[in-house]
Amino acid sequence: MLTRKHGVTIELWRGDITRLEVDAIVNAANNGLRGGGGVDGAIHRAAGPELLQACMHIGHCPTGEVRLTPGFRLPCRYVFHTVGPVWRGGDEGEETLLANCYRNCLQLAAEHAVRSIAFPAISCGVYGYPALSAMHIAWQQISDWLTEAPEHSLQRIVLVAYDDAVWQAGCRVMPGIS
Ligand code: AR6
């Protein structure tokens, strides 16, 4: 399913992010970049042990920020490790922190001449963020960033839905998707 905005193709795609042939994939990591379950575990398994070594070398990533490593054995060139907020009911800055994840990843993509990037539903698993609110934020941030960014290399942005809740939320939130 896809739509276009400012000449960029935005897709909602169902499946495993580690299989995507894109320049960069985003990891929903933890502050210690220690690896974990969910999409983080899948990315580390597919990338091989060199990824954990690279993450250990970086050491820490504050919530809402992003750190870059190579993709190692993954088909992508880069992994962007971002840390989404833990959902605590919505009054603890969760929305801003999640928005920062998307914006900082898009900014980093532009800085590294990335043409295609895939996002998982950051915070929507273990961290408990409601899927519909999270997909609204993802779409809004992508949309705003593409409107505001002066010049960038991006041609394709993929939002990856691995589970039903995220897929259904994505279908509701993305306008004109077909
Ligand atoms: N491809 C794409 N999406 C996936 C995949 C996959 N292979 N596997 C799971 N998802 P989560 P979080 C979806 O829990 O909520 C880790 O342990 C999943 O269905 O991976 O940000 C980290 O180390 C959900 O929609 O990330 C942190 O400690 C989405 O990815 C913590 O979990 C995010 O779920 C981060 O929690």
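Residues take numbers from 1 onward in each chain, read along the sequence in its written order. This being a predicted model, a pLDDT of at least 70 is required before a residue's local features are given, and a value of 80 or more before pairs of side-chain atoms are given or counted; all residues contribute to the totals for chains, interfaces and linings. Think of the side-chain values as coming from all heavy atoms in the structure, minus any hydrogens and water.

Asker: Just checking my understanding: could you explain the layout of surface pockets for this structure?
Answerer: Left-over empty space is what a probe sized like a water molecule reveals as it rolls over the atoms. Considered as a void within the structure, the largest pocket measures approximately 580 Å³ in volume. Lining residues are those with an atom within 4 Å of a point, where the points come from a 1 Å grid over the protein atoms alone and group into cavities, where a 1.4 Å probe fits but cannot get out, or pockets, open sets with protein on both sides within 12 Å along at least five of seven lines. Surrounding the largest pocket, 27 residues form its lining, A28, G38, V39, D40 and G125 being those nearest its centre. Strands are runs of DSSP state E lasting at least 2 residues, helices are runs of H or I lasting at least 4, and numbering of each runs from the N terminus. At five residues, helix α1 (residues 38–47) tops the list of elements feeding residues into the lining of the largest pocket. Grid points are joined across faces, edges and corners, and a volume is the space filled by probe spheres set on the points.

Asker: How do you make sense of the confidence of the model for the protein chain when you look at a structure like this?
Answerer: For the protein chain, per-residue confidence averages 96 on the pLDDT scale, and 98% of positions sit at 70 or higher. Of the two predicted TM-score estimates for the complex, the pTM is 0.97 and the ipTM is 0.99. Per-residue confidence from the predictor is given as pLDDT, running between 0 and 100.

Asker: Can you walk me through the pattern of salt bridges in this structure?
Answerer: A side chain of one charge can pair with a side chain of the opposite charge when the charged atoms of the two come close. Within this document, salt bridges are pairs made up of a side-chain nitrogen of Lys or Arg and a carboxyl oxygen of Asp or Glu, the two lying within 4 Å of each other. All chains considered together, the criterion is met by six salt bridges. Notably, a salt bridge pairs E65 with R67, separated by 3.1 Å at the nearest N-O pair. Here E65 falls in the partly exposed class, since its relative accessible area comes to 33%. Exposure is judged per residue with a 1.4 Å probe applied to protein chains only, and the accessible area is read against the type maximum: over 50% gives exposed, under 20% gives buried, and values in between give partly exposed.

Asker: Just to check I follow, could you spell out helix α4 (residues 131–148) for this structure?
Answerer: Structural remark: α-helix, 3.6 residues per turn; residues separated by three or four positions point the same way. Taking 1.5 Å as the rise per residue, α4 with 18 residues should run 26 Å; its terminal C-alpha atoms sit 25 Å apart, in good agreement. Every buried residue belonging to α4 is among A131, A134, M135, I137, A138, W139, Q141, I142, S143, W145 and L146, and all of these are buried. Expected helix span is taken as 1.5 Å per residue step, with the number of steps being one fewer than the number of residues.

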